[in-house]
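Chain residues, written in single-letter form:
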Amino acid sequence: MADPHLDPSWLEPLRGEFAADYMAALREFLTAEKAAGKRIFPQSADWFRALELTPLPAVRVVILGQDPYHGAGQAHGLCFSVRPGVKPPPSLVNIYKELASDCGIAPVAHGFLEHWARQGVLLLNSVLTVEEGRAAAHRARGWERFTDAVIRLVAAREDPIVFLLWGSYAQKKAAFVQDVARGGRHLVLKAPHPSPLSAHTGWFGSRPFSRANAFLESQGRGTIDWALPAA
């Protein structure tokens with residue numbers, strides 16, 4: 001299942017994961033689902049899109065999602081992002097609201113976040129596929145083990161990295177990452193999920209974007225241009 005487009009910085013250390021039994025079982029599951037006529041999102045060419053756009057040495061920020069959007073035309077391999085022309089989902093709308101409050105960046109009309117990914121923001125979902133109309137349909141099928149390995153590779157980097165962990169799911173998944181507050185080298189910023197169900201419990205006002213940039217700049221790693229180009 002290894003994507004031939006993956007940068008060697010990911011492909012080489014993940015080779016054992018791609019060859020593992022759980023990945024073979026996952027591949028068989030996805031093949032059977034397609035054969036049964038079920039629509040799988042995103043398309044297979046985009047399953048590893050987050051890794052394609054953000055090579056391991058380039059990672060400066062990690063944002064963790066859960067599983068892809070399950071509506072037609074939405075998911076394209078980056079967490080929280082949707083394709084151009086697709087209405088931004090509610091969680092992304094709240095991300096834009098906090099970005100405006102935090103950095104004074106006006107929301108754009110689209111939800112396409114590749115501009116962030118190309119600057120070193122790893123937009124990684126925990127589960128990389130989903131069945132149309134069935135949220136979380138592919139959980140516990142093996143993707144979590146693979147993305148755990150990805151996070152471990154990032155956390156092992158000597159370069160200081162910011163982990164933006166929004167919601168309890170992301171916080172549990174990356175709980176092993178050593179924060180600077182605990183003697184580690186990475187900055188871990190936790191906040192409630194930007195979903196409308198939880199955004200008002202601490203997401204708004206958490207200032208993740210400016211805090212991430214302040215840390216990166218202090219470590220000599222530059223800053224992220226969070227302003228998205230118009231579609």
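Residues numbered from 1 in each chain as written. Predicted model: local features only at pLDDT ≥ 70, side-chain atom pairs only at ≥ 80, totals over all residues. Heavy atoms only, no water.

Draft legend 1. Seen up close, the layout of surface pockets. One number sums up the size of the largest pocket: a volume of about 470 Å³. Of all the secondary structure elements, the ones that give two or more residues to the lining of the largest pocket are helix 5 (90-103) and helix 8 (168-173). (1 Å grid on protein atoms, 1.4 Å probe; cavity = no way out; pocket = protein on both sides within 12 Å on 5 of 7 lines; lining within 4 Å. Points joined across faces, edges and corners; volume = space filled by probe spheres on them. Helix = DSSP H or I, 4+ residues; strand = E, 2+ residues; numbered from the N terminus.)

Draft legend 2. Structural context of the UniProt feature "domain: Uracil-DNA glycosylase-like" (unreviewed entry) in the protein chain. Per the UniProt record, "domain: Uracil-DNA glycosylase-like" (unreviewed entry) is annotated on residues 52-216. Counted over residues 52-216, helix gives 29% and strand 13%. Its end C-alpha atoms are 22 Å apart. (UniProt positions renumbered as here; feature names shortened; annotations may be inferred.)

Draft legend 3. Layout of the UniProt feature "active site" (unreviewed entry) in the protein chain. According to UniProt, the positions carrying the feature "active site" (unreviewed entry) are Asp67. Tracing the sequence through the fold places aspartate 67 in the loop between strand 2 (61-65) and helix 5. When residues no more than four places from it in sequence are discounted, the contact partners of aspartate 67 are Asn125, Val127, Val130, Ala135, Ala136, Ala137 and Arg139. Polar contacts involving the side chain of aspartate 67 include one to the main-chain amide nitrogen of alanine 136, which spans 2.6 Å. (Contact = heavy atoms within 4.5 Å. Polar contact = N/O pair within 3.5 Å; in protein donor to acceptor, adjacent residues only side chain to side chain.)

Draft legend 4. Spatial organisation of the sheet that holds strand 6 (residues 187-191). Taken in spatial order, the four strands line up as 3-2-5-6 in an open sheet, and their pairing is parallel. Looking at which strands have only one partner, the edges of the open sheet turn out to be strand 3 (121-125) and strand 6. On average, adjacent strands in this sheet sit at an angle of 20 degrees to one another, irrespective of strand direction. Taken together, the five bridges between strand 5 (residues 162-166) and strand 6 define a ladder with parallel strand orientation. Residue pairing in the sheet places leucine 164 in a bridge with leucine 189 of strand 6. (Pairing = 2+ DSSP bridges. Axes fitted to C-alpha atoms, helices over the stretch in contact; angles between N-to-C directions.)

Draft legend 5. Spatial organisation of the packing of helix 3 (residues 21-35) against helix 7 (residues 143-155). Here helix 3 crosses helix 7 at 130 degrees, and the two axes come no closer than 9 Å. In terms of axis orientation, helix 3 runs oblique to helix 7. In the crossing of helix 3 with helix 7, the sense of the turn from one axis to the other is left-handed. Where helix 3 abuts helix 7, its residues Tyr22, Met23, Leu26 and Leu30 lie against Trp143, Arg145 and Phe146. Along the lines of polarity and charge, the residues of the contact of helix 3 with helix 7 split into six nonpolar, no polar and one charged. (Parallel < 35°, antiparallel > 145°, perpendicular 65-115°, else oblique. Left-handed = near helix turned anticlockwise from the far one by under 90°. Nonpolar A, V, L, I, M, F, W, Y, C, P; charged D, E, K, R; others polar.)

Draft legend 6. How the structure looks around the pairing of strand 5. Most of strand 5 is tucked away, with five of its five residues classed as buried. The alternating pattern of strand 5 places Val162, Leu164 and Trp166 on one face and Phe163 and Leu165 on the opposite face, and all of these are buried. Of the pairings in the sheet, the one linking strand 2 to strand 5 comprises three bridges and is parallel in character. By the bridge assignment, valine 61 is partnered in strand 5 with valine 162. With helix 8 bridging strand 5 and the parallel strand 6, this β-α-β connection has right-handed handedness. (Buried < 20%, exposed > 50% of the residue type's maximum accessible area, 1.4 Å probe, protein only. Right-handed = clockwise from strand over helix to strand, strands pointing away.)

Draft legend 7. Layout of the packing of helix 5 against helix 9 (residues 208-218). Contact geometry of helix 5 with helix 9 gives a least axis separation of 7 Å together with a crossing angle of 55 degrees. Classed by the angle they form, the pair helix 5 and helix 9 counts as oblique. Judged by residue contacts, Ile95, Glu98, Leu99, Asp102 and Cys103 of helix 5 engage Pro208, Phe209 and Ser210 from helix 9. In the contact of helix 5 with helix 9, the residues fall into five nonpolar, one polar and two charged.

Draft legend 8. Highlighting the side chain of histidine 76. Secondary-structure assignment places histidine 76 in the loop between strand 2 and helix 5. Within the local environment of histidine 76, its side chain forms a polar contact with the side chain of serine 81, the two groups lying 2.6 Å apart.

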